[in-house]
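Structural description and commentary
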Amino acid sequence: MRYAGWNFEKTLLVRETANIARSGELLDVCLAVESDRAANLANDVRVVLKKDWNVLDREIPSQVHRIERHGATTTFRVACNIDLPAGGTQRIGVFYDNPQAPRPDYQGNLDITGNGLAHTIDTPFYTVTTDAKSGQLKTITAKTDDQGTTNLHRLDVPGSVQPGNIVVFAADDRSMGILPMSATPGLPAPTDTGKMPVPHLQQAASAADWQQPQIVEEARGPVFFRQTRKGRLVPPGSDPKRDWPELEITYKFFAELPCILVHSRLTFPQDAGVFAVCNDVVSLSRAMFSHYTFRPVSPSLPLTDVEEMGHIVVDAVHGADLPPGLAFSDFLPHHLAWHAFINIHLLKERAITGIQLASSGGATYRPGTYVIRDEKSVQWCRAPIYVQARNRRENVIRVPAGTVFEEANTLCFSNWDQQWGQRIDALGKRLNNPPAVTVHPVYLGDAPPEPFEPLPVGRRADAYLRAGVR
């Protein structure tokens, strides 16, 4: 059975293999077809649920993106949301090649206003705004449900909620021409002990400092909104003509998931002397949260055991007499499965969680997850390189040319209650154990290899092999 006017179809067989019931599961599949059948892909692709191989059920909203032509082969991605029972299967038909088909008008839960770098994105789970100069997250208002009532939690602080990636350069690295600066905002200032021949100085550059970075890709539709930006991390006042590290950041906002994808790729084109490379940086008001909570991954723990979540008090009341700086030294591993800021107090129950999907990089020094506090804000970051004693020349870490750091995480919003940890762990397991998808018929042409696409794919399934958390 075919859609009238559509000449060809791919059938997707989706299998749930992790024993997880999935509601609104995001599928984002790369398909390869003959180029002479791909003249109208932006308009004519239709996604249809199938009761059997040749029995159609109903059409569902879909989004086509990344249409790329490779001679006789054309590849494209098609995204949709489906429900999938634990251990179950679903058949989906993807119809294409109808030269007369108009672009479908699907109505969904994703409302996007603005253009360029400044946007307001509204979903059933959150409303966010992005900065007009950098494109970084500027404000977040989480929407949590409490017995049918929607509660709004404004989480922003002065500056950027999500500074992105921060590189702390050594100011005495004369080859990079970095100008002096007495302290690095948002990071603990070192103590100058006079052990360096020149005064100890450091200079930081972050994605939040960007001024009109290049937009290299954008896709918007009923399933998600994605924007990828690229720019260099140049410390203020430094020579912009030098080969500073190049950073590419992708945000992806979803209609059916309470998450924001943050995917970054940081490349060093030449050697650089640094004190820190910080990824997955999130900064929030201490007044909004009571604890920082993390989910460890203990290789020595038997798979039948339950992990114990860790908790650190971060609110301004109980930590008022603590000095600014690192909240928990450097004991937290770099590859935590997830971590969160939570508020457990009555009528303030809320949580923002960062779930790791992927992380890779060449150079490391004391890699870890760090929690940093000052008078008003608290910040987390995953740092492959982090030097705490920044008062010696020999402590400068040389990052070799060609080094690449990649990080993919989701920011998730939810209520907090006694079962919150189990729900977040289940969500992390779900995001890192995507369903298996096979395409029929198999394309026999010369299709290019598919690159890593964070969400629907996560690479941290290893973090969820044990029984659970408490």
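Residues numbered from 1 in each chain as written. Predicted model: local features only at pLDDT ≥ 70, side-chain atom pairs only at ≥ 80, totals over all residues. Heavy atoms only, no water.

A few points about the overall build of the protein
The number of helices and strands found in the protein is 2 helices and 31 strands. Within the protein, the fraction of its 470 residues that count as buried is 53%. Put simply, of all contacts in the protein between residues at least 6 apart along the chain, 72% involve residues at least 24 apart. (Helix = DSSP H or I, 4+ residues; strand = E, 2+ residues; numbered from the N terminus. Buried < 20%, exposed > 50% of the residue type's maximum accessible area, 1.4 Å probe, protein only. Contact = heavy atoms within 4.5 Å.)

Remarks on the sheet that holds strand β6 (residues 73–84)
The 3 strands lie next to each other as β2-β6-β5, forming an open sheet whose pairing is antiparallel. Unpaired on one side and paired on the other, β2 (22–34) and β5 (62–70) mark the two borders of the sheet. The sheet shows a mean angle of 20° between the axes of neighbouring strands, direction not considered. In the sheet, β5 pairs with β6 via 7 bridges, with the strands oriented antiparallel. Bridged to Ser62 within β6 is Cys80. (Pairing = 2+ DSSP bridges. Axes fitted to C-alpha atoms, helices over the stretch in contact; angles between N-to-C directions.)

Things to note about the environment of Ile249
Relative to the helices and strands, Ile249 is located in strand β17 (residues 246–254). In sequence terms Ile249 and Arg229 are 20 residues apart; their C-alpha atoms lie 5.4 Å from each other. Sequence-distant contacts of Ile249, that is, excluding residues within four places in its chain, are made with Gln136, Asn165, Ala207, Trp210, Gln227, Thr228, Arg229, His263 and Ser264.

Topic: the environment of Glu68
By the element assignment, Glu68 lies in strand β5. Under the relative-accessibility criterion, Glu68 is labelled partly exposed at 38%. Among all residues touching Glu68, those that are not within four sequence positions of it are Thr73, Thr74 and Thr75.

Thoughts on the pairing of β17
Most of β17 is tucked away: 7 of the 9 residues are buried. Note that strand β16 (residues 224–232) and β17 share 9 bridges and pair antiparallel. Note on β17: the bridge partner recorded for Gln227 is Tyr251. The sheet contact formed by β17 and strand β18 (residues 259–267) spans 8 bridges and is antiparallel. In the strand pairing of β18, Glu248 is matched with Arg265.

So, the pattern of salt bridges
According to the stated counting rule, one finds 21 salt bridges in the structure shown. Among the salt bridges present, the one from Glu34 reaches Arg37, with a minimum N-O distance of 3.2 Å. Classification of Glu34 by relative accessible area gives partly exposed; the value is 27%. Assessed through its relative accessible area of 25%, Arg37 is described here as partly exposed. With a closest N to O distance of 2.9 Å, Glu217 and Arg226 form a salt bridge. Accessibility expressed as a relative area gives 22% for Glu217, which makes it partly exposed. Each of Asp28, Arg66, Arg77, Glu217, Arg226, Lys252, Glu450 and Glu453 takes part in salt bridges that share partners, so that together they form one network. (Salt bridge = Lys/Arg side-chain N within 4 Å of Asp/Glu carboxyl O.)

Concerning the confidence of the model for the protein
For the protein, the mean per-residue pLDDT works out to 87, and 90% of the residues sit at or above 70. No element of the protein has a lower mean pLDDT than strand β12 (residues 149–154), which averages 72, and none a higher one than strand β9 (residues 118–122), which averages 97. This stretch, residues 172–200, has a pLDDT under 50; its non-local contacts, to residues over four places away or in other chains, come to 71 contacts. (pLDDT = per-residue confidence, 0-100.)

Description of the nonpolar core
Core analysis: the biggest nonpolar cluster contains 68 residues, and Leu155, Phe253, Ile260, Phe268, Val274, Tyr292 and Phe413 have the highest contact counts within it. Among the elements that line this core, the one with the most residues is strand β19 (residues 272–285), at 9 residues. In this view, Tyr292 contacts Gly310, His311, Ile312, Val314, Leu332, Leu336, His339, Ala340, Phe341, Thr369, Val371 and Trp380; residues no more than four positions away in its chain are not counted. Ranked by size, the runner-up nonpolar core spans 29 residues in total, among them Phe254, Trp416, Ala463 and Tyr464. (Core = buried A, V, L, I, M, F, W, Y, C linked by side-chain atoms within 4.5 Å.)

Here we look at the sheet that holds strand β22 (residues 310–313)
Judged by pairing direction, the sheet is antiparallel, and its 9 strands sit side by side in the order β15-β16-β17-β18-β29-β25-β24-β20-β22 without closing on themselves. Two strands lie at the open edges of the sheet, namely β15 (214–220) and β22, each paired on one side alone. The sheet shows a mean angle of 15° between the axes of neighbouring strands, taken without regard to direction. Where helix α2 (residues 420–432) meets the sheet, it contacts β18, β20 (291–295), β24 (338–343), β25 (350–361) and β29 (404–414), and its direction lies at approximately 30° from that of β25.

Focus on the environment of Arg295
Its location among the elements puts Arg295 in strand β20. In this structure, the C-alpha to C-alpha distance between Arg295 and Met309, residues 14 residues apart in sequence, is 5.1 Å. The residues touching Arg295, leaving out its near neighbours within four places in the chain, are Glu307, Leu336, Ala337, Trp338, Asp425, Ala463, Tyr464, Gly468 and Val469. A distance of 2.8 Å separates polar atoms of two side chains, one belonging to Arg295 and the other to Asp425. (Polar contact = N/O pair within 3.5 Å; in protein donor to acceptor, adjacent residues only side chain to side chain.)

A few points about the packing of aromatic side chains
Counted by the stated rule, this structure contains 13 aromatic pairs. Ring geometry for Phe169 against Trp244: centres 5.3 Å apart, planes inclined by 75°, an arrangement best described as edge-to-face. In this pair, Phe169 is assigned in strand β13 (residues 164–170) and Trp244 in the loop between β16 and β17, connecting sequence segments 75 residues apart. Its relative accessible area of 0% is what places Phe169 among the buried residues. A relative accessible area of 1% means that Trp244 is categorised as buried. Between the aromatic rings of Phe341 and Trp380, the centroid separation amounts to 4.9 Å while the plane-to-plane angle is 25°, which identifies the pairing as stacked. Here Phe341, found in strand β24, pairs with Trp380, found in strand β27 (residues 377–386); they are 39 residues apart in sequence, far enough to count as distant. This pair shows no difference in class: Phe341 is buried, exactly as Trp380 is. (Phe/Tyr/Trp six-rings, centres within 6.5 Å; stacked < 30°, edge-to-face > 60°.)

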